[in-house]
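Observations on the three-dimensional arrangement
Spelled out from the first residue to the last, the chains are:
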Amino acid sequence: MKFMKLGSKPDTFRSDGNNVRYVASELATDIAVTVGDVKFYLHKFPLLSKSACLQKLVASGNEQNCDEVQISDIPGGSVVFEICAKFCYGMTVNLNAYNVFATRCAAEYLGMYETIEKGNLIYKIDIFLNSSIVHSWKDSIIVLQTTKSLSPLSDELKVAGLCVDAIATNACIDVSKVDWSYTYNRKKLPEENGNDPNFNGVKSRPVPKDWWVEDLCELEIDLYKRVIMSIKTKGIQSHEVIGDALKAYSYRRLPGFSKGVIHSRDVGKYRSTVDTIVWLLPAEKGSVSCSFLFKLLKAAIIVDSGEMAREQLVRQIGQQLEEASLNDLLIRAAEREDVMYDVNMVKKIVNKFLMQDRNAEYESEENEVQEIQRSGILTDASKLIVAKLIDAYLAEIATDPNLPLSKFVDLAETVSCISRPTHNGLYRAIDMYLKEHPWISKSERKRICKLMDCKKLSADACMHAVQNERLPLRVVIQVLFVEQLRGAAATSSGTSTPDLPKSLKNPNGGSHGSSRSAPTNPEQDWDSVSATEELKALKPELAALRLRNRGDNRNNVDNAAAISKMKGLMKSKRIFTKIWSSKAAIGENSGSDSSESLGSANPEEAKSTPSRNRRHSVS
């Protein structure tokens, strides 16, 4: 914006090099205005004709040949005062996005209103803001940034609100009306570098819906919050685009966020940023990825965000937990704790996930009860994915020597209500815990082994379990018995995956978590394939076992050898019957997917099992 000089009046200010500014004129100056450490030698008439503030200052001063006026707190300091003074002299004034707001504040300070003179500086600036700045995407963002240093004047003069609304409006316009030139922070497209002979202009590439998100990352968090809230209020942009904007801002403003940490000694200064981003998250499921939510949760823990922010993140993560990866779940525990990972936090998330699994909700309307189906009911596939994810997480945290057994068992029992065809992953986690915690008592070993169902172990897992000296003897006997029945059924039916006897398949008499003779749905088929991955950690030991069992009928040989060992442990048929009976009794009282058979339901029967000093014969 330019205000042209009038007549033959001076066209610029000059300096003597010693913080002194003056106007070259034939008329002697009659007022000295000191702003900060700069002194201006000026003329009263052009200044007083447009500034109510200077009128008052001069009127209250001493009657001297050259009045002295001190101004110490004018917005923008001496640089902006000079712009206002030039306007008073009718000189050319250049206003741009970087100085317009400070000049507006200074004009307000000097009282350059229309009541003093028509067409005064405040009026001119307001026209410039409304006719030019708000229509420019880039200038609106720059002006809004400059308001930060002059708050609360920005709100009093309504300039910040004007810019916020302008930015939000531009961000919500139809993308067909957006030119790529709107953005100024994006990286150049390959064809814009001049290497593409077919490139005929930027508009040849469609403008994405989130074209504006990178530019807004320049704003400080409080201004960013105002803009995003204004965009959300307009209700035009989708919640996915809002989520993209929050994700871009997090990666730009939180150092180390991509790795789930905050790289700064003063992490406290990022607390408001994290809390605000969490507060701005759209409530709709899928607005942001589950991985992004986990990163936010880890950042919230690091910066010590409030309980409300953490609870919101736990709730939203729980809504889409099936999208998570094992690395997402590895939330480091607080430094004051002995354990490596925050298992309690993961348990809270799993509970939030399972809370969605309700068949229907009821509500009363006009004295009638209507059944309303929920859109968020969990599918068998999503539950199965989460169960396997927790199995993998249990295997990871099992290597922590300080992890209490209670934390491991509590988390495993949280997903025990989810039926899954194989317990290979759970067996691997249990074995790793026993390996890392060899000092736990017999009762604790029984407790952890009750989590798995021997009937749901694959042939490879059973082979490993038979040779596993870390398992309680009773568990090994049950595995051997299961393998004996499988071998007998395979021999009689000529198949490699026989159905188990009904009494073994379902000792609970039709419990919803019992194992099935064969997969009857895609989730079970998928799980049988993924069982191979769960056994990767056991393969070295399995390979050593298989070296001794070559040949076409090696599985039958293994079963025969295992059965032989089992018989050596049992002195009579009566002992075997008693052990299996106790297994069945426990199966009737156990949960659907917990190990219905592990451990004895009667402590007296447990004492009647063969002495553990002969345990070596099993392995």
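Residues numbered from 1 in each chain as written. Predicted model: local features only at pLDDT ≥ 70, side-chain atom pairs only at ≥ 80, totals over all residues. Heavy atoms only, no water.

- Under the annotation held in an unreviewed UniProt entry, the protein chain carries the name NPH3 domain-containing protein and is attributed to Gossypium tomentosum.
- Under Sequence similarities (unreviewed entry), UniProt gives the following word-for-word description of the protein chain: "Belongs to the NPH3 family."
- Taken directly from UniProt, the Pathway (unreviewed entry) text for the protein chain runs: "Protein modification; protein ubiquitination." (UniProt positions renumbered as here; feature names shortened; annotations may be inferred.)

**With respect to the pattern of salt bridges**
- Per the counting criterion, the structure on display carries 19 salt bridges.
- D126 is the salt-bridge partner of R104, the closest N and O atoms lying 3.0 Å from each other. One end of the pair, R104, is in helix α4 (residues 100–110); the other, D126, is in helix α5 (residues 121–131), and 22 residues separate them in sequence.
- Overall, the relative accessible area of 27% leaves D126 in the partly exposed class.
- Of the charged contacts in the structure, one is a salt bridge between D165 and K234, with a shortest N-O distance of 3.4 Å. Placement of the pair is D165 in helix α8 (residues 159–171) and K234 in helix α10 (residues 221–234), with a sequence separation of 69 residues. (Salt bridge = Lys/Arg side-chain N within 4 Å of Asp/Glu carboxyl O. Helix = DSSP H or I, 4+ residues; strand = E, 2+ residues; numbered from the N terminus. Buried < 20%, exposed > 50% of the residue type's maximum accessible area, 1.4 Å probe, protein only.)

**What to know about the sheet that holds strand β4 (residues 38–42)**
- The mixed open sheet is built from 5 strands, whose spatial order is β1-β2-β4-β3-β5. Either end of the sheet is taken by a strand with one partner, and the two such strands are β1 (13–15) and β5 (67–71). Here the strands of the sheet are splayed against their neighbours by 25° on average, with no regard to which way each runs.
- Sheet topology note: the strand β3 (residues 31–35)/β5 ladder contains 5 bridges and is parallel. When the bridges of β5 are listed, A32 appears paired with E68. (Pairing = 2+ DSSP bridges. Axes fitted to C-alpha atoms, helices over the stretch in contact; angles between N-to-C directions.)

**A short note on helix α11 (residues 239–253)**
- Here α11 spans 21 Å end to end across 15 residues, near enough to the 21 Å set by a 1.5 Å rise per residue.
- Residues of α11 that are buried include every one of V241, I242, G243, A245, L246, A248, Y249 and S250, and no others.
- If you follow the buried residues of α11, they end up packed against α9 (213–216), α10, α12 (271–280) and α13 (290–302). (Expected span 1.5 Å × (residues − 1). Contact = heavy atoms within 4.5 Å.)

**Structural notes on the packing of α4 against α5**
- Interaxial distance between α4 and α5 falls to 9 Å at its minimum, and their mutual angle equals 150°. Put simply, α4 runs roughly antiparallel to α5. Between α4 and α5 lies a crossing whose hand is left-handed. Taken together, the residues of α5 that come into contact with α4 (itself represented by V100, T103, R104, A107 and E108) are L121, I122, I125, D126, F128 and L129.
- Across the contact of α4 with α5, the residue classes tally to 7 nonpolar, 1 polar and 3 charged. (Parallel < 35°, antiparallel > 145°, perpendicular 65-115°, else oblique. Left-handed = near helix turned anticlockwise from the far one by under 90°. Nonpolar A, V, L, I, M, F, W, Y, C, P; charged D, E, K, R; others polar.)

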